[in-house]
2 protein chains.
Amino acid sequence: MITTANIKNGVNVDQLVETIEHVQAQPELAKFKFRAKNNWINGGHCVSSIKSFYGVGAEDTSRQETFTMECSHPNVLLGEDEAATPPEVLLHSLGSCLTGAMVYHAAANGATIESASSSLEGGCDLHGFLGLDPEVRMGFDGITFKLKVKSDASVEQLENFAKFSPVFDMITNPTPISIEIVKD
Amino acid sequence: MITTANIKNGVNVDQLVETIEHVQAQPELAKFKFRAKNNWINGGHCVSSIKSFYGVGAEDTSRQETFTMECSHPNVLLGEDEAATPPEVLLHSLGSCLTGAMVYHAAANGATIESASSSLEGGCDLHGFLGLDPEVRMGFDGITFKLKVKSDASVEQLENFAKFSPVFDMITNPTPISIEIVKD
């Protein structure tokens, strides 16, 4: 008998079901730790490298590649525009996470995603960052995520799937950040 | 007379002071809108393109390059590991933003940053994402940012400078996200 993997939306549903079963049997397998190392180059220009993570009960050994990525600032924000700004990169992270969460949960629920594309926008007021007005926040006052999707699921189902996104959770709800600074 | 630009930590302090003066004279110049376009490839693999933004009272025309970046997932999270995961990219955005904010505000306050490098880590429990336990959040339950910095400023000053970071604000404080889904 030839068996083929049960793939839906590019997601191996058999492996997804196995993952859920493993996590239910051994809850500690569900704990993950993700990391990044960041190096300052100059001004508002930084580079990060990302490789190691902890998950499924151990330090990962499967990832071969170290992913590197930069942030910078355009000329009007006193940079040389070598890369996208940190808030733009946050939008990339958010759009990818909302889309990925929708695709995985659609697969788990038997819904097909044929195509998906989105645009994200966040607005801010530099009075916050520049310290000119303590009433104005530093970050975006809000973000819009507009998604066009071809699917047999309803808009309501798709929105509920997307909202399993970890990054959506981290931006809409407070996430504590501890800062430890050591002088070199 | 030869005049040289007043550069500190790679930041043009004269231009920074001018920016503050312009914003104080015309507050609407401080409003910025940043954007990303995201396209789903397959499974948890997406690609974003980032170029246009609004700021200083107009749509930007200075940025020549479109920045593209991907997100994916490692094998244990059912992906092909073509790129970092969205939560890892969020750590990159956060580390770059905290560092950049520290560098800019140090420059504005006459403090020197000679070097800066950091490591970030966030922990999560897949019971949240998988929908197995509504008490467990989808995102990181907390993030640590450990920064090593060579500077004439005190640790307390450096921490206060870093906390002007827009991405730090967006993760530690709730930021509303509106989701609009249209069927294609």
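All values derive from a computational prediction rather than experimental measurement.

**Comments concerning unusual backbone geometry**
Phase 1 of the analysis: One non-glycine residue, B:L78, lies in positive phi territory at about 70°.
Phase 2 of the analysis: The topology assignment puts B:L78 in the loop between β7 (67-71) and α2 (86-108).

**With respect to the domain arrangement of chain A**
Residue and element names in this part refer to chain A.
Phase 1 of the analysis: By domain assignment, chain A separates into domain 1 (9-83) and domain 2 (85-173).
Phase 2 of the analysis: If you average the C-alpha positions of domain 1 and of domain 2, the two centres end up 18 Å apart.
Phase 3 of the analysis: Contacts between the two partners involve 10 residues from domain 1 and, on the opposite side, 12 residues from domain 2.
Phase 4 of the analysis: Across the interface of domain 1 and domain 2, roughly 810 Å² is buried in total on both sides, 74% from carbon and sulfur atoms.
Phase 5 of the analysis: On the surface where domain 1 and domain 2 come into contact, there are 0 salt bridges.
Phase 6 of the analysis: By residue class, the composition of the side of domain 1 that touches domain 2 is 7 nonpolar, 3 polar and no charged.

**A look at the packing of aromatic side chains**
Phase 1 of the analysis: For the structure on display, the rule yields 10 aromatic pairs over all chains.
Phase 2 of the analysis: When the ring of A:F34 is compared with that of A:F53, the centres are 5.7 Å apart and the planes differ by 35°; the resulting orientation is tilted. Here the residue A:F34 occupies a position in strand β3 (residues 31-42), and A:F53 occupies one in strand β5 (residues 53-55), the gap between them amounting to 19 residues. For the pair formed by A:F34 and A:F53, the shared burial category is buried.
Phase 3 of the analysis: Of the aromatic side chains, those joined through ring pairs into one cluster are A:F32, A:F34, A:F53 and B:F140.
Phase 4 of the analysis: Its end group placed over the ring of A:Y54, A:K33 keeps NZ or CZ at 5.9 Å from the ring centre.

**Notes on the packing of helix α2 (residues 86-108) of chain A against helix α4 (residues 155-162) of chain A**
All names here are of chain A.
Phase 1 of the analysis: One can describe the packing of α2 onto α4 by two numbers: an axis separation of 7 Å at closest approach and a directional angle of 115°. Our classification of the angle between α2 and α4 gives roughly perpendicular. The hand of the α2/α4 crossing is right-handed. In this structure, α2 uses L98, A101, M102, H105 and A106 to contact α4, whose residues at the interface are L158, F161 and A162.
Phase 2 of the analysis: A breakdown of the residues in the contact of α2 with α4 according to their chemical character gives 7 nonpolar, 1 polar and no charged.

**As for the nonpolar core**
Phase 1 of the analysis: Among the nonpolar cores identified, the biggest contains 108 residues, and A:L94, A:M102, A:I113, B:L94, B:M102 and B:I113 are the most heavily contacted of them.
Phase 2 of the analysis: The contact partners of B:M102, leaving out residues within four places of it in the chain, are B:I113, B:A116, B:L147, B:V149, B:L158, B:F161 and B:A162.

**Thoughts on the pattern of salt bridges**
Phase 1 of the analysis: Tallying each qualifying case throughout the model produces 14 salt bridges over all chains.
Phase 2 of the analysis: In this structure, B:D81 and A:R63 form a salt bridge, with 3.2 Å as the shortest nitrogen-oxygen distance. Placement of the pair is B:D81 in the loop between β7 and α2 and A:R63 in the loop between β6 (58-59) and β7 (67-71), with the two residues belonging to separate chains. Accessibility assignment for this pair places B:D81 and A:R63 in one class, buried.
Phase 3 of the analysis: For B:E159, the salt bridge is made with B:K163, and the minimal N-O distance between the two is 3.0 Å.
Phase 4 of the analysis: Since its relative accessible area comes to 34%, B:K163 is described here as partly exposed.

**What about the environment of B:I113?**
Phase 1 of the analysis: With respect to the element layout, B:I113 can be found in strand β8 (residues 113-125).
Phase 2 of the analysis: Given the relative accessible area of 4%, B:I113 is considered buried.
Phase 3 of the analysis: For B:I113 and B:V149, which are 36 residues apart along the polypeptide, the C-alpha to C-alpha distance reads 7.3 Å.
Phase 4 of the analysis: Those residues in contact with B:I113, other than ones at most four positions away along the chain, are A:W40, B:N9, B:M102, B:V103, B:A106, B:V149, B:K150, B:S151 and B:L158.

Cut-offs used in this document
- Residues numbered from 1 in each chain as written.
- Chains lettered and ligands numbered in written order.
- Predicted model: local features only at pLDDT ≥ 70, side-chain atom pairs only at ≥ 80, totals over all residues.
- Heavy atoms only, no water.
- Helix = DSSP H or I, 4+ residues; strand = E, 2+ residues; numbered from the N terminus.
- Domains from an automatic or database assignment.
- Contact = heavy atoms within 4.5 Å.
- Buried area = accessible area lost by both parts, 1.4 Å probe.
- Salt bridge = Lys/Arg side-chain N within 4 Å of Asp/Glu carboxyl O.
- Nonpolar A, V, L, I, M, F, W, Y, C, P; charged D, E, K, R; others polar.
- Phe/Tyr/Trp six-rings, centres within 6.5 Å; stacked < 30°, edge-to-face > 60°.
- Buried < 20%, exposed > 50% of the residue type's maximum accessible area, 1.4 Å probe, protein only.
- Lys NZ or Arg CZ within 6 Å of the ring centre and 35° of its normal.
- Axes fitted to C-alpha atoms, helices over the stretch in contact; angles between N-to-C directions.
- Parallel < 35°, antiparallel > 145°, perpendicular 65-115°, else oblique.
- Left-handed = near helix turned anticlockwise from the far one by under 90°.
- Core = buried A, V, L, I, M, F, W, Y, C linked by side-chain atoms within 4.5 Å.

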